[in-house]
Structures are given as C-alpha cells and as structure tokens.
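# Analysis of the macromolecular model
The lines below spell out each chain.
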Amino acid sequence: MKLYHNLSKISFLKKSYAFKFLFVAFIGIHIPLIGILFFVLFFDNTISPTSILIFSLIMTLLATFVTLVVLKQLIDPIAIASKSLDEYRNDRKLSVLPTEYTDEAGLLMCNIQESIYEAESFINEKQDLIYMLSHDLKNFAGNPQGLANLIISENPSDSVKNLAGLICESTNLQFRYIDNFIKLLNEHDQVAKINQEIRTIAFPGILPFINEQVEQRLLDKNIKLSLSLELVEAKLRIEEGLLIQVLVNLISNAIKFSYFDSEIKVRIYFEKEKLIITVIDKGVGFDKNQIDELFKKFTKMSRLGTAKESSTGIGLYLCKKIIERNKGELTAGSEGKNKGAEFKIVFDV
C-alpha cells in the first residue's frame, strides 16, 4: 500500500489506477535504454558490440525484475480488498479499508467497505426482527395455554380436563417448534461467526434429544424410526446443538412425506475416513430433476405431506447452509415418485 499511496500523491496519477500501472511500466521499459546510453556515452568508445549486447541483456533482465516487483506492490489495494471481503464472507470479520483514494482501486475499496457495513447492518436488523417475531409468536401461543391452565385449576370434569391438557401439550409443541425455527433462522446468519474448532460429538448423548422432538410426529402416523449407530463419537467442526437441529429437520421432513405405518431409517457410520449420516424413508419421493429445487429458499416444491402437513419451504435450504458452513455436504436422492428418498450428510474426519 505504501507504493500505491505515494503514487497517489502525484497529480496526474491521482485519479487513475491504470495510469499508475502505465507509468511504472514506462519507467521499467526505459531503464535498459537509459543504461545503454550512459554506458556508451561515458565509457571507452572501444567497447566491443558483444559487451554492449551483454550489458543490454543484463539491464533488461534487471529492469524486468524491478518492474514486476513494483507492479506486484501496486496490486496491494486489490489484494487487501479481496482479503477483507473473504474474511467477512467466511468469518464475519469487519475490516477497515482506506476510502480516501479516488482512482478505480480506491473506489473498489470504498464500495467494498460500504457494502460490508451495509450487509452487517442488514443482518443485525434482521436479527432484531427475528427476536421480535419469536417474542410475539410465543405470546400468541401462550394465550391458549394460559386459558387451558386456568380451566385445569378450576377442577373441571375429566373430559374437559383432558381437552385442556391436550391444549397445553399442543402449545408446548408450538413453543418448541418456534424455538427450533427461530434458532435455524438465527443460525443461518450467525453460523459464519461460529468458532469452527474441532469438537467431539457423542452420538449416544444426542439421540434422546432427537427422539424427544420427533416422537409425537412418529406416533401420529404410526411410523417406526430405526436408528443404526455404528460409532460412539466423532470429531467434527459443527456444534452439537446445530447437528441436532439439522437431524430433527431431516427426520421431520421424512415423516411428513412418509405414508402411515411405514419406516424411517437413520444410519450413522464411518466410511473411507468420512462420517456419513443417512435418513431414508419409503415415502412419496421425487424425480431426479427436482433435486436442485429441494434446497432452494422458498422452493416451488413446498407441498403438503401425506397427512396434509404444511411446509415453510425453507427447512432443507437452511439445513444445507448450516452443514456446508460447517465443512460438510448435504445431498438428496430418490429413485422416483413413491419410491422414497434418501438424505445424506458427509463430513471429512
């Protein structure tokens, strides 16, 4: 940046990045010519042509080397701007770029700096809206629960008490769904800031949390969940809570598109130095040309489940983003309609 800064002080170079390159290249091209002129004019006139040729080659190589070194330094503003953009995209790190320069490189740094801060401001505003939405949704869901608890406190008949209990249970599920949904939305923006250090995930410890969140859905459709755990733990770069949310979402998606009295198989295993998690159902499936559409935000493939369950259309999109940001891969496959589906997570270990 020092060379770029010094050249920006020269009036005719101040507003043009291209002129800076041309100026350096012009000087570099003429260094050999200037050297040859001095050599011929100020040294013995009996110098042989061979000596002049050798001197010219040496000066040309030296000038080329110096010019390339100087041009490389002149690229520093572009390299710094690129590094700042990458650091923000990958780590949400805010860099401070110089914005006082008026040439093309200076405008690029200024635009990147403004774009980074605008993106950060937008994300922060979005987070505030998410928290407000979460709070308001919980209030709406809490009103029926409060009334149900009030009914139970009045010692009603058993039938009324059972109905009030069902209302409480339903609202508890709504609270859990809201928490999970808001957490997924939140993680979509915050996952880049996660300290992606290697963690030890103990799978026997997370299975109960997964079962707890999908148990009622399984019972509603009389679906059997078969878990095949072929390892105890693995060292991954994803947080345990995030992995649980992704698996719950994938299993819930499988339940939604599975038929009554069917089976869903979840397998966790090692293969060729990779940790693989598969979720396989025997449900409605999809055509192979629809795979890319599955993972799009608000996909056109948002459809009712086999029991008319609705969908937000963003669950798989968020799952894929979370897995990819944590150095993994999420893919989907199906043999066709009514032939089931398989979702596979792969982590390098």
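Described below are features of the structure shown in this document. (Residues numbered from 1 in each chain as written. Predicted model: local features only at pLDDT ≥ 70, side-chain atom pairs only at ≥ 80, totals over all residues. Heavy atoms only, no water.)

## Notes on the overall build of the protein
Under the convention used in this document: Where helices and strands are cited, they refer to DSSP runs of H or I of at least four residues and of E of at least two residues respectively, numbered from the N terminus. Burial here depends on accessible area, computed with a 1.4 Å probe over protein chains only, as a share of the maximum for the residue type. Under 20% is buried, over 50% is exposed, and the range in between is partly exposed. Residues count as neighbours in contact if any of their non-hydrogen atoms are within 4.5 Å of one another. To measure how exposed things are, a 1.4 Å probe is used in the Shrake-Rupley method; for residues, cover is taken only from the protein chains shown.
Broken down by element type, the protein carries 10 helices and 7 strands. Burial status across the protein gives 39% buried among its 349 residues. Pairs at least 24 apart in sequence give 71% of the contacts found in the protein among residues at least 6 apart. Accessible surface, the protein: about 20600 Å² in total, of which carbon and sulfur atoms supply 60%.

## A closer look at the sheet that holds strand E2 (residues 224–229)
Strands pair in a sheet through their backbones, by hydrogen bonds, and they do so in one of two ways: parallel or antiparallel. Under the convention used in this document: If DSSP finds at least two bridges between two strands, the strands pair. Axis lines are fitted to C-alpha atoms, over the contacting stretch for helices. Their N-to-C directions set the angle, which ranges from 0 to 180 degrees.
Pairing within the open sheet is mixed, and its 5 strands lie in the order E2-E4-E5-E7-E6. The outermost strands of the open sheet, each flanked by one partner alone, are E2 and strand E6 (328–333). Each strand of the sheet is rotated relative to its neighbour by a mean of 10°, with strand direction disregarded. The strands that helix H7 (residues 203–220) touches are E2, strand E4 (263–271) and strand E5 (274–281); relative to E2, the one it contacts most, it runs at about 170°.

## Re the side chain of Ser 262
What counts, and what does not: Polar contact is the term for a pair of N or O atoms within 3.5 Å; when the atoms are in protein, one must be able to donate a hydrogen and the other to accept it, and sequence-neighboring residues count only if both atoms are side-chain atoms.
Assignment of secondary structure puts Ser 262 in the loop between helix H8 (240–256) and E4. Among the polar contacts listed, one links the side chain of Ser 262 to the backbone oxygen of Tyr 259, at a separation of 2.6 Å. With residues near it in sequence (within four places) discarded, Ser 262 still touches Asn 222, Ile 223 and Lys 224.

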